[in-house]
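Structural overview for review
These are the residues of each chain, in order.
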Amino acid sequence: KAGVTQTPRYLIKTRGQQVTLSCSPISGHRSVSWYQQTPGQGLQFLFEYFSETQRNKGNFPGRFSGRQFSNSRSEMNVSTLELGDSALYLCASSTGAALSGANVLTFGAGSRLTVL
Amino acid sequence: DAKTTQPNSMESNEEEPVHLPCNHSTISGTDYIHWYRQLPSQGPEYVIHGLTSNVNNRMASLAIAEDRKSSTLILHRATLRDAAVYYCILRDHNNAGNMLTFGGGTRLMVKP
């Protein structure tokens, strides 16, 4: 079956611009979570959506936002880009309500954002 | 998520077994032990998870200490494709959603 698909894979923006990244989860998966990966900070949780509702949010400024559609596809948006936003943005999907430590995540390959 | 401690890097020869350790001395009774790995230029990939008993799947084995304060991921025959960063993660049964907390992980290098 198809995996988690993220688009675009690579993009370059300049400071002050905004960007929208897309994530299509595995069919049947209702939860989508987003992560930022940088060499300095490693992998950090951004937020999670389940059934079109944001359930959890990490410690990121309000410039980072997201949404989920009725077909479980999700988008994240970063406004007023800063140089420090350059990173690999990963999304992951999973089944069910995810209120179990046994729940397994499937990650996409990521969208690499470069801010100049 | 509770804190885990892993060596920064390890080296192995191809075709030999690899034992990747993880210490989690503050683990609680409801924490599951998960392992993910990240190959170069890819997103993390699930490897295995367990609660109390040792676990086996097609990718690896997970050996959990009796007191659960440590665990070991075992790759039975390392291949060059196993070169990756391996993350040991604890996930509570009541974990609110799919927030994973990744530590630094262990970078596994496999020599031909």
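All residue numbers here refer to positions counted from 1 along the written sequence of the relevant chain. Here the convention is simple: chains get letters from A, ligands get numbers from 1, in the order in which they are written. Residue-level local features of this predicted model are given only where pLDDT is at least 70; pairs of side-chain atoms are given and counted only at 80 or more, and the full residue set underlies all totals for whole chains, interfaces and linings. Excluding hydrogens and water, the side-chain figures rest on all heavy atoms present in the structure.

**Details of the overall build of chain B**
Quick note on the threshold: Comment: elements are numbered from the N terminus, with helices defined as DSSP H or I runs of at least four residues and strands as E runs of at least two. With C-alpha atoms as the basis for the radius of gyration, the globule rule is written as 2.2 Å multiplied by the number of residues raised to the power 0.38. What makes two residues a contact is simply this: any of their non-hydrogen atoms within 4.5 Å. Exposure was quantified through the Shrake-Rupley algorithm and a 1.4 Å probe, taking into account, for residues, occlusion by the shown protein chains and nothing else. Counted as positive: Lys and Arg. Counted as negative: Asp and Glu. His and the chain ends are not counted at all. To locate a charge, the coordinates of NZ of Lys, CZ of Arg, CG of Asp or CD of Glu are taken.
Across its full length, chain B carries zero helices and nine strands. Going residue by residue from the N terminus, the α and β elements of chain B occur as β-β-β-β-β-β-β-β-β. Compactness check: chain B gives a C-alpha radius of gyration of 13 Å against a globular reference of 13 Å for 112 residues, within 12% of the reference. Pairs at least 24 apart in sequence give 58% of the contacts found in chain B among residues at least 6 apart. Accessible surface, chain B: about 5,600 Å² in total, of which carbon and sulfur atoms supply 49%. Side-chain charges in chain B split into 10 positive and 11 negative, and the spacing between the mean points of these groups amounts to 3 Å.

**What about the overall build of chain A?**
Using the following cut-off: Relative accessibility decides the category of a residue: with a 1.4 Å probe and only protein chains considered, values under 20% of the type maximum give buried, values over 50% give exposed, and everything between is partly exposed.
Assigned secondary structure in chain A consists of zero helices and eleven strands. Seen in sequence order, chain A has helices and strands lined up from the N terminus as β-β-β-β-β-β-β-β-β-β-β. What you see for chain A is a C-alpha radius of gyration of 14 Å, in line with the 13 Å of a compact globule of 116 residues. For chain A, the spread of C-alpha atoms along the three principal axes comes to 40 × 25 × 25 Å. Going through the 116 residues of chain A one by one, you find that 48% of them count as buried. Sequence separation of at least 24 residues holds for 55% of the intrachain contacts in chain A that already meet a minimum separation of 6. As presented, chain A carries roughly 5,300 Å² of accessible surface, and 49% of it is formed by carbon and sulfur atoms. The distance from the centre of the 11 positive side-chain charges to the centre of the 5 negative ones in chain A is 5 Å.

**Topic: the interface of chain B and chain A**
As a reminder, the rule being used: Simply put, the buried area is the total loss of 1.4 Å probe accessible area from both parts when two parts are fitted together. Salt bridge, as used here: a side-chain nitrogen of Lys or Arg that lies within 4 Å of a carboxyl oxygen of Asp or Glu. N or O atoms closer than or at 3.5 Å make up a polar contact, with two conditions inside protein: a donor-capable atom paired with an acceptor-capable one, and, for residues adjacent in sequence, both atoms drawn from side chains. Only Asp, Glu, Lys and Arg are considered charged in this grouping, and only Ala, Val, Leu, Ile, Met, Phe, Trp, Tyr, Cys and Pro are considered nonpolar; every other residue, Gly among them, is considered polar.
Each partner contributes to the interface: chain B provides 21 residues, whereas chain A provides 24 residues. Between chain B and chain A, roughly 1,700 Å² of surface is buried when both sides are summed, and carbon and sulfur atoms account for 53% of that area. On the surface where chain B and chain A come into contact, there are zero salt bridges. Where chain B packs against chain A, one counts two residue pairs in polar contact (both at pLDDT 80 or more). Listing elements by their share of the side of chain B that touches chain A, those giving two or more residues are β3 (31–38), β4 (45–50) and β8 (84–92) of chain B. Top element by residues in the side of chain B that touches chain A is β3(B). It accounts for four residues. Of the residues that constitute the side of chain B that touches chain A, the class distribution is nine nonpolar, ten polar and two charged.

**Describing unusual backbone geometry**
With an omega of -10°, the peptide bond between Thr7(A) and Pro8(A) qualifies as cis. Considering the arrangement of structural elements, one finds Pro8(A) in the loop between β1 (5–7) and β2 (10–13). Located in the positive-phi region is Glu15(B), a residue other than glycine, with phi close to 75°. In this fold, Glu15(B) is placed in the loop between β1 (9–13) and β2 (18–23). Residue Glu15(B) is classed as partly exposed on the basis of its relative accessible area, which comes to 41%. Here Arg68(B), not a glycine, exhibits a phi torsion of approximately 65°, which is positive. Tracing the backbone shows Arg68(B) in the loop between β6 (61–64) and β7 (70–75). On the basis of relative accessibility, which here comes to 8%, the residue Arg68(B) falls in the buried class.

**What about the sheet that holds strand β8 (residues 74–78) of chain A?**
Residue and element names in this part refer to chain A. Convention followed: Criterion used throughout: strands pair if DSSP finds at least two bridges between them. Axis lines are fitted to C-alpha atoms, over the contacting stretch for helices. Their N-to-C directions set the angle, which ranges from 0 to 180 degrees.
Taken in spatial order, the four strands make up an open sheet running β1-β3-β8-β7, and their pairing is antiparallel. Every other strand in the sheet has two partners, leaving β1 and β7 (64–68) as the edge strands with one partner each. Sheet twist, expressed as the average angle between the axes of neighbouring strands with direction ignored, equals 15°. Pairing of strand β3 (residues 19–24) with β8 involves five bridges; the strand directions are antiparallel. Within the sheet, the bridge partner assigned to Cys23 lies in β8 and is Ser74.

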